[in-house]
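In case you want the letters, here they are:
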Amino acid sequence: MSKHSPVHAVTARRVTNGSVSLAVFEQGKADGETIVLVHGWPDTHELWNRIVPLLADDFRVVSYDSRGAGESTILEGAGLPTERTGRRSVCRHRRGQPRQAGARPGA
C-alpha cells in the first residue's frame, strides 16, 4: 500500500430487512477481501473516515450506520440480536466470510 492512498469512490446503498433500512457505504478494491467496520453508540459510519483510506487499496471496505444512527432507521427494541441481523444483511451480497472490526465507547 502506498503512503498516500488514492481517493476511492464511495458506493452508497440501502439494505432493507422488514421495516428497517440501513445506510451502507462501500469503498476500495471491488474484488478484495471484505472488511466490515461497525461503529458503536452514538457514532455513525463517519467514525471510520480516517481508517477507510488506509484499507481501501487492498480490501473492499464496508461501513454502515447501525439502527437508529445516521441515515439508518430506528427500530424499537433493537439490541444485540438485531444488530447481528443487521451485520448479516449488510454482508449478504459479499462472497466469503467478511472480517469485522468494531469500536465502542471506552474500548
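(A) Structural context of the pattern of salt bridges. Considering all chains together, one arrives at two salt bridges under this definition. With its nearest N and O atoms 2.9 Å apart, the salt bridge here joins arginine 13 to glutamate 26. Of this pair, arginine 13 sits in strand β1 (residues 11–17) while glutamate 26 sits in strand β2 (residues 20–28), placing them 13 residues apart in sequence. Since its relative accessible area comes to 4%, glutamate 26 is described here as buried. We note a salt bridge from arginine 60 to glutamate 26, for which the minimum N-O separation is 3.1 Å. Here arginine 60 is found in strand β4 (residues 60–65), whereas its partner glutamate 26 is found in strand β2, with 34 residues between them in sequence. Just as arginine 60 is buried, glutamate 26 falls in that class too. Through salt bridges with shared partners, a single network forms among Arg13, Glu26 and Arg60.

Calculation criteria
- Numbering of residues starts from 1 in every chain and runs along the sequence as written.
- With pLDDT at 70 or above as the cut-off, local features in this predicted model cover only qualifying residues; side-chain atom pairs require 80 or more to be listed or tallied, and sums for whole chains, interfaces and linings still use all residues.
- In computing side-chain values, all of the structure's heavy atoms are included and hydrogens and water are not.
- Salt-bridge detection follows one rule: a side-chain nitrogen of Lys or Arg within 4 Å of a carboxyl oxygen of Asp or Glu.
- By the criteria applied, helices consist of DSSP H or I runs no shorter than four residues and strands consist of E runs no shorter than two, each listed in order from the N terminus.
- Relative accessibility thresholds used throughout: buried, under 20% of the residue-type maximum; exposed, over 50%; partly exposed, between the two (1.4 Å probe, protein chains only).

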